[in-house]
Amino acid sequence: MIQIQNLNKSFRTEEVETLALNNVNLKVQEGEFVAIMGPSGCGKSTLLNIIGMLDNPTSGSYQFAGHEVGHLKENQRTQLRKGNLGFVFQSFNLIDELTVFENVELPLIYLKMNKNERKQKVMAVLERMKIAHREKHFPQQLSGGQQQRVAISRAVVTNPKLILADEPTGNLDSKNGIEVMNLLTELNQEGTTIVMVTHSDRDSHYAHRIVNLFDGQIATESHNRAMGALM
Amino acid sequence: METLQVYKKKEFMHQSMLNLFQYQNQSELNRFQCQKTLIMFKNHIKIAWRSLKRQPFFAFLNTFGLAIGMAGGLLISLYIYDEMNFDTMFKDADRIYRINADIKFGGTESKSAQVSAPMAAAMESDFSQVELTTRFRNLGGMLLRKSNTEANIKEEGATFVDATFFEMFGLDLLVGDMQTALKEPNTLVLTRTAALKHFGLKKAIGQSLVLNNTDTYTVTGVIEDMPERSFLRNHNVFMAMAGNEDAQKQEWTSHNFFTFIKLIPGADIADFQTPLQSMLGTYIMPYVQTFLPGATEEQLEASGNYLYYGTIALKDIHLYSAKDHELSPNSSIQNVYILSFIGLFLILLASVNFMNLSTAQSLKRAKEVGIRKTLGSDKPALIRQFLTESGLISFISLLFSLGIAVVAIPYFNALSGKSISIPFTEPVFWMALFIGATVLALFSGMYPAFFMSRFAPVKVLKGAGATSTGGGNIRSLLVVFQFAISVFLIVSTLVVFMQLKFIQSKDLGFTKDQVLIVDDVYTLGEKATAFKEQVEQLGQVQSATLSSFLPTPSVRSNTSFFKEGGATAENSINMQIWNVDDNYIPTLNMEILEGRNFDRQFGTDSTAMLINESAVAILGVQAKEALGMRIIRNFENGSSNNFTIIGVIKNFNYESLRENIGAVSMTLGRSTGSLAVKLEAGNFSNSISSIEGIWNKVAPGQPFSYRFMEDSFNTTYEAEQQLGRIFVTFTILSILIACLGLFGLAAFNAQKRTKEIGIRKVLGASIGQITYRLTTDFLKMVGVAIIVSLPVGWYLMNKWLEDFTYRIEISWWVFAFAALIALTIAVLTVSYQSIKAAIVNPVKSLRT
Ligand SMILES: Nc1ncnc2c1ncn2[C@@H]1O[C@H](COP(=O)(O)OP(=O)(O)O)[C@@H](O)[C@H]1O
Ligand SMILES: [Mg+2]
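Residues numbered from 1 in each chain as written. Chains lettered and ligands numbered in written order. Predicted model: local features only at pLDDT ≥ 70, side-chain atom pairs only at ≥ 80, totals over all residues. Heavy atoms only, no water.

**Q** Looking at this structure, I do not really get the domain arrangement of chain A. What am I missing?
**A** Put simply, an interface is often sized by how much accessible area is lost when its parts join up. Residue and element names in this part refer to chain A. Partitioning chain A into domains gives domain 1 (2–84 + 161–230) and domain 2 (95–159). The distance between the C-alpha centroids of domain 1 and domain 2 comes to 24 Å. At the junction of the two partners, domain 1 supplies 13 residues and domain 2 supplies 12 residues. Each partner contributes to the roughly 1100 Å² buried at the junction of domain 1 and domain 2, and carbon and sulfur atoms together form 62% of this total. Inspection of the region where domain 1 meets domain 2 yields three salt bridges. Of the charged contacts, one joins Arg128 and Glu186 as a salt bridge, the two residues approaching to 3.4 Å between their closest N and O atoms. A breakdown of the residues in the side of domain 1 that touches domain 2 according to their chemical character gives six nonpolar, two polar and five charged. (Domains from an automatic or database assignment. Contact = heavy atoms within 4.5 Å. Buried area = accessible area lost by both parts, 1.4 Å probe. Salt bridge = Lys/Arg side-chain N within 4 Å of Asp/Glu carboxyl O. Nonpolar A, V, L, I, M, F, W, Y, C, P; charged D, E, K, R; others polar.)

Laid out in C-alpha cells, this is it:
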C-alpha cells in the first residue's frame, strides 16, 4: 500500500536547514499495523505527516496504492486524503466550538454526504466507540480518554483504508491508553492499515512491526512475532 | 532651591528611619503611599509599553485607528467651537438683538432680517428698555477711486451705518474720532485693509473717495478689520447713514434696514416682544391707511396678511437666522448637529475598534492574567494595569492625531470654508486634549480591562488549549455598530450628492449655461447701451441683455401692485418687479406660455408687462385670461402707473430650490446693473477677452469684472456642496476606521482559529471552503449592520430633503448600492486574512 524510496525532507528556517528525514525507505502492506519509534526530534511526526499526505517530501519517491503522490499539489492531496485516510493525534485536536457529534460529522460533510446518511454513520461509530451518550457534549466537558475515543471515531467514520496515529496515548493514563490501543487493534483486525508513532514500548507491542528512527534515518526494523502469535 | 534641599534631606531621613519608626504620622504615611503609587504607575507604564511592543501589529491598528478618529474629532471640535462663537467678541454682545419681520402681503411671504428705516428712532424714543439702536443699509460691492484719479478699485462689503455703530459694538477707531466720525453725510470709515489698499493707515484721514463714479466721500476714520467670526466679516467700507436718503424717510412698509438694538442692562428680551409688535398699530397701520384708506389690522388679518416682528440675539444670528437676505451668509445649527454627530461617530468608531482589538487580544493575555492572579495580583491591580495600557495607547494616538490634524487642516479648511488654526499656544486647548484623551482611554479601556481581569486562573491555565475566552458576541455587536454607522454615512453621502446633481440638472425654466455676466455695467452710464450693442456684434455672442435683475443671486425688488378695481387689500398683489430689455427672455432662454415677449416694434410696450405663472395664480385666473389684464402701481405722491399684461412666462427658479417660486413681473426699463451675454459654445476665454477689449475702449480705467451664471448659481448651494464634501471625507474616514477594526478582528479570528482551521484541513476541507467560512462569518455581521442602518438612513435623509421644495425621491437602489459598497469593502478587508489563514499548512498549525 505504501512504498517509500530514498525519501528526504528538510526544513529551512531562518538560515538553518534541518534534515528531518534522511534517505528513508519503507514499505507498508495493506492490513499491516506498523509502529514508528525513536527519540524526540528524530523525524517520526515528519514521516507520518508525509505518509498522511499533509506534507510533501523534499526529494525521493512516495507511492500510495501504486500512485506517485510525493509531488502532488495541496488540493490534489486534499482530494486523495478525503475518505482514504484517518488521523489520530496526541492532543486529540477536536474543535472546541463543536459538539462530539459535529466533530465526528465533519469529514463526512467534506465528503458531501447527505444529512441522513451522515447521522446514521456518526451514531453508528459513536455507539461502537461507546461514546454515543456524550454526542451533545463539547470536548472540554470530556475526559482525555473520552476525547481520544471521539477523535478515533472521527478518524474512522469514513471507513478509511489507512489510519495514521501520532502518539495517540501520549496524553492518556495507562488505563485509557490500553483502551485506545485495543480499539486500534480491533480496527486493524477488521482490515484497516495502521501506522502509529509512539514512545511507549507497551504500545509498540500491539504492532506487527516496529520501525526505529534515529536522526531521520531508519536504524532498525523488527517484527513483533510474540504479539503477532498472541493474536 | 532651598526647599528642594530641605525636602531631599527630609526624604533621606525618612528613608533611613523607616525601619525604626515605621510611619511617624499620617502625612508621612501619605507621602510614602504617594511614592509607592508613583513607582507602581511607572511599573505599569513599563509593562504596558512592553506588551505594546510585543504585539506591534495590533498596537499599530489600535493607535492608527484611534489617531484617525481623534484627528477627525479634533478638527470637528475646532469647527464647532468656531461656529458656536460667532459675534461673541463684541462688547455687550449679550444685550444686542436684531429686529426681524415676517411679512405676508399681496400674496407674497417673506422672512426679512430687515425692517423699515423709521423703526429704529421710534423704538429708541418709545421704549425705555432700548438703550441704543444702529441701522445698516447694505450696498454690497462698489467701485472706489481717489478723487484725483480715474481708475476704480472694486471694494466688497460697503454699507451705510448709523453713527452709533462704534458705541453699539464697542469698537475703537485706529485713527480718527469715534464721536464725530460718521456724524456728517458723505463721510466714511475704512477698515485697516481697505485704508492700506488706497492710502496707508495714517494718510487716509481727510482724503476724498469717489463712490461708483458719483458721490464724493471724505474718510473720517480707520477701524480694525472686522473679525472673521462676526456678522460683519468682509465689510470694509462704512458710510454715514446721514447721507442716505431712504434712511430719513418715513416709509414704514419698505423693509431695507438691518436694525440692531441694545437693551439696558437687566432688561429681558422676552418682555420686549409685546411693545415691539404694538408698533404695528401705532405706526404701520396709520401709514398703510395713507394708500389703503380705511385699512385696519383686523381687515389685514382677515385677508390672510400679516406682519410679525421678532428679535434674534446677536450671538444667535450665525446659527439660527435664515432670513431672506442676511448681512453675511449664515450657517445653520443643523450643520453643527450633523457635524457633531459625525465627530462623535468617528471617535466612537475608533473607541469601539480599540475595545474590539483589545478584547480580541485577550486570548494572548489570558495566560498572563492567570499567572498574575496565581501570584497574588488582585483584580483592581489588573484593571489598573490594563487601563494604563489603554492610557498609553490613547496618548500615543493623541500625538499622532495632532500630526494628522496639522497635515489635514488646510484641506479641512478648504472643505468647510473656514480658516481654522490649531490653537497650540492655548493652555485650555492642551487641557482639553489631556482630558479628552484620558476620558477616551477610560471609556475605551474600561470594558477590556474588566473583561480581561475577570478570567479565572484555573480556567485559562488549564492546558494550552484554552481557545475560547468569550466576549465574541459583544465584539460582533461592536462590528455591527461600526458598519451600521458606515453604511448610514454612505447612504447620506449618496443622497446629498444625488440632490446636488438634481439641482445641477433640474430644468430651471431658464438656461444658465454659456451665459457670461459682466458686472457693474452701470458705471458706464450712458455708454452702457453702446457697450451692449458692440458686444452683440461679436461673432461668439448669440445675444446679450442689460438688466440688474437675474435669476441667479442678484438685486431683488418687491413691490405691491393692484388689480384694476381699487386699492384694497384684496386687490393687492405683491410681486418682484424686474426691469429688463427685449432681449432678456431669449438670452436666458425663458419660455413664454401665453402672449408674447416685449417687442421694439410696438410703441406701447413701455407699459407692457410680463408675469410668471405664480403671479397668474395670485390673480386667480388662467394664463390665457391674464393677457390684457391691467395692473396698477400707486406711488407715494399720488401718481400711478398702469401696466397691461402681454405675456405669461413659464415659472423659473430664481431663488434656491429650497424655496417656492414667487410671483415675478417684468417691465421694459433701463436697468444697467449687469450685462448677461449668451456665448456660442467654444473657447470662452477668447470671447471674454474680446468683451474685455470692448469694455476697456468704452470705459477706460473701470475695472472689468465678470462671472459665469453657472458659478453664480452654484454659490446658492455652497452649503449643500460643503455638506456633501464633508460627508464624503468623513464617510471615508469612518469606513477606514471600521476596516482597520475589521482587519484586526479578522486577523485575530484567524489566529484564534488556527488550530480549528488546521483540523478542518486535515479532515479534507479545501482552501476555498475555509476562506468562505471565515469570510461569511464577518459578512453576516455586516449584513445585520446594513439591515439596521438603512431605515435610519432613509428616515434622516428624508428629513434633510424636506428642506427642499424641489427634491429627489430616495429610491431603493441607493440602499442596494450602499449595501454593496459596504459588503465589497468588508470582503476585501476580511478575505486577505481569511486566505492567509486558509493556505497555512495544517502540519504547522497542529504541531505540538
Ligand atoms: N515545520 C518545521 N519547520 C522547521 N523544522 C521542523 C518542522 N517540523 C519539524 N521540524 C524539525 O524536524 C525535526 C524532526 O521533527 P519531528 O518529526 O517533529 O520529530 P519527532 O520525532 O519528535 O516527531 C526536528 O528537528 C524538528 O525541529
Ligand atoms: Mg512528534
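**Q** Explain the site of ligand 1 here, please?
**A** Around ligand 1, the structure places Phe11, Thr13, Thr18, Ala20, Ser40, Gly41, Cys42, Gly43, Lys44, Ser45 and Thr46 of chain A together with Arg847 of chain B. Taken together, the residues near ligand 1 originate from chains A and B. Between Gly43 of chain A and ligand 1, the recorded distance is 3.0 Å, taken from a backbone N or O atom to an oxygen atom. Note that an oxygen atom of ligand 1 is positioned 2.7 Å from one of the side-chain N or O atoms of Ser45 of chain A. Calculation on ligand 1 without its partners gives an accessible area of 560 Å², and the protein chains cover 76% of this total. Where the shell around ligand 1 is concerned, the elements lending two or more residues are strand S1 (2–13), strand S2 (16–28) and helix H1 (44–51) of chain A. The class makeup of the residues in the shell around ligand 1 is three nonpolar, seven polar and two charged. (Near = heavy atom within 4 Å. Polar contact = N/O pair within 3.5 Å; in protein donor to acceptor, adjacent residues only side chain to side chain. Areas by Shrake-Rupley, 256 points an atom, 1.4 Å probe, with all protein chains shown as cover. Helix = DSSP H or I, 4+ residues; strand = E, 2+ residues; numbered from the N terminus.)

**Q** Is there a simple way to explain the nonpolar core in this structure?
**A** Within soluble globular proteins, side chains that are nonpolar generally end up buried alongside one another. Within the largest apolar cluster, 114 residues are counted, with the highest numbers of intra-cluster contacts made by Val495, Trp578, Met590, Phe652 and Met666 of chain B. Tallying contributions element by element places helix H16 (residues 472–505) of chain B first for this core, with 15 residues. Not counting residues up to four positions away in its chain, the partners in contact with Met666 of chain B are Trp578, Val580, Tyr584, Ile585, Met590, Phe598, Ala608, Met609, Leu610, Ile649 and Phe652 of chain B. In this structure, Phe87, Val195 and Val197 of chain A together with Leu846 of chain B belong to the second largest nonpolar core, which totals 46 residues. (Core = buried A, V, L, I, M, F, W, Y, C linked by side-chain atoms within 4.5 Å. Buried < 20%, exposed > 50% of the residue type's maximum accessible area, 1.4 Å probe, protein only.)

**Q** Where do I start with the pattern of salt bridges in this structure?
**A** Between side chains of opposite charge, pairing is possible as soon as their charged atoms come close. Within the structure shown, the criterion is met by 41 salt bridges over all chains. Residue Glu179 of chain A is joined to Arg149 of chain A by a salt bridge in which the shortest nitrogen-to-oxygen separation is 2.4 Å. Here Arg149 of chain A lies in helix H5 (residues 144–156) and Glu179 of chain A lies in helix H6 (residues 174–189), a separation of 30 residues in the sequence. Of the charged contacts in the structure, one is a salt bridge between Arg135 of chain B and Asp162 of chain B, with a shortest N-O distance of 2.9 Å. Of the two residues, Arg135 of chain B is situated in strand S3 (residues 130–146) and Asp162 of chain B in the loop between strand S4 (153–161) and helix H5 (165–169); the sequence distance between them amounts to 27 residues. The exposure class of Asp162 of chain B is buried, given its relative accessible area of 13%. Here the salt bridges do not stand alone but share partners, grouping Lys91, Asp92, Arg95, Glu131 and Lys262 of chain B into one network.

**Q** What is the right way to look at the sheet that holds S1 of chain A in this model?
**A** Strand pairing in a sheet takes place through backbone hydrogen bonds and is either antiparallel or parallel in direction. All names here are of chain A. One open sheet accounts for four strands, arranged S2-S1-S4-S5; its pairing is antiparallel. Two strands lie at the open edges of the sheet, namely S2 and strand S5 (67–68), each paired on one side alone. Sheet analysis places strand S4 (residues 59–64) next to S5, joined by two bridges and oriented antiparallel. Along S5, the bridge assignment pairs Gln63 with Glu68. (Pairing = 2+ DSSP bridges.)

**Q** What is the right way to read the interface of chain A and chain B from this model?
**A** In this complex, chain A contributes 24 residues to the contact, which on the side of chain B involves 22 residues. Across the chain A/chain B interface, buried area totals approximately 2000 Å², and carbon plus sulfur atoms make up 51% of it. It is Glu74, Asn93 and Tyr110 of chain A in chain A that bury the most area against chain B; as a group they hold 27% of the surface buried on that side. We note a salt bridge from Lys761 of chain B to Glu74 of chain A, for which the minimum N-O separation is 2.6 Å.

**Q** Teacher, can you tell me more about the sheet that holds strand S6 (residues 85–88) of chain A here?
**A** All names here are of chain A. Taking strand neighbours across the sheet as the criterion, the six strands line up as S6-S7-S8-S3-S9-S10 in an open arrangement whose pairing is mixed. Both edges of this open sheet fall to S6 and strand S10 (217–223), since each of them pairs with a single strand only. Taking the axes of each pair of neighbouring strands and ignoring which way they run, one obtains an average angle of 15° across the sheet. Taken strand by strand, H1 contacts strand S3 (33–37), S6, strand S7 (162–166), strand S8 (193–197) and strand S9 (209–214), and its axis lies near 160° from that of S7. (Axes fitted to C-alpha atoms, helices over the stretch in contact; angles between N-to-C directions.)

**Q** In this structure, what is going on with the packing of helix H17 (residues 528–537) of chain B against helix H21 (residues 684–698) of chain B? I would like to understand it.
**A** All names here are of chain B. Put simply, H17 and H21 touch, their axes get as near as 10 Å, and they point 150° apart. One way to sum up the angle between H17 and H21 is to call them roughly antiparallel. In this structure, H17 meets H21 at a crossing whose hand is right-handed. Here H17 contributes Phe531, Gln534 and Val535 to the contact with H21, which in turn contributes Ile691, Ile694, Trp695 and Val698. Considering only residue class, the contact of H17 with H21 consists of six nonpolar, one polar and no charged. (Parallel < 35°, antiparallel > 145°, perpendicular 65-115°, else oblique. Left-handed = near helix turned anticlockwise from the far one by under 90°.)

**Q** Help me understand empty space enclosed by the protein in this model?
**A** Under the criterion given, the structure shown has seven cavities of 30 Å³ or more. Around the largest cavity, the lining comprises 18 residues; the ones closest to its centre are Ser358, Gln361, Arg365, Glu389 and Ile393 of chain B. Going through the elements one at a time, helix H2 (26–54), helix H3 (56–84), helix H11 (333–360), helix H13 (379–416) and helix H14 (427–453) of chain B are the ones with two or more residues in the lining of the largest cavity. Within this model, the second largest cavity holds a volume of roughly 100 Å³. Among the elements that make up the lining of the second largest cavity, the one with the highest residue count is S6 of chain A (three residues). When the residues that make up the lining of the second largest cavity are grouped by side-chain class, the tally is seven nonpolar, three polar and three charged. Inspection of the lining of the second largest cavity shows a minimum of three residues originating in each of domain 1 (2–84 + 161–230) and domain 2 (95–159) of chain A. (1 Å grid on protein atoms, 1.4 Å probe; cavity = no way out; pocket = protein on both sides within 12 Å on 5 of 7 lines; lining within 4 Å. Points joined across faces, edges and corners; volume = space filled by probe spheres on them.)

**Q** Explain a nonpolar patch on the surface here, please?
**A** Taken together, the side chains of Phe395, Met431, Phe434, Ile435, Val439 and Phe443 of chain B define a hydrophobic patch exposed on the protein surface, amounting to about 580 Å² of accessible area. Along the chain, the position of Phe434 of chain B falls in helix H14. (Patch = residues over 30% accessible without salt bridge, like charges linked within 9 Å, V, L, I, M, F, W, Y side chains within 5 Å.)

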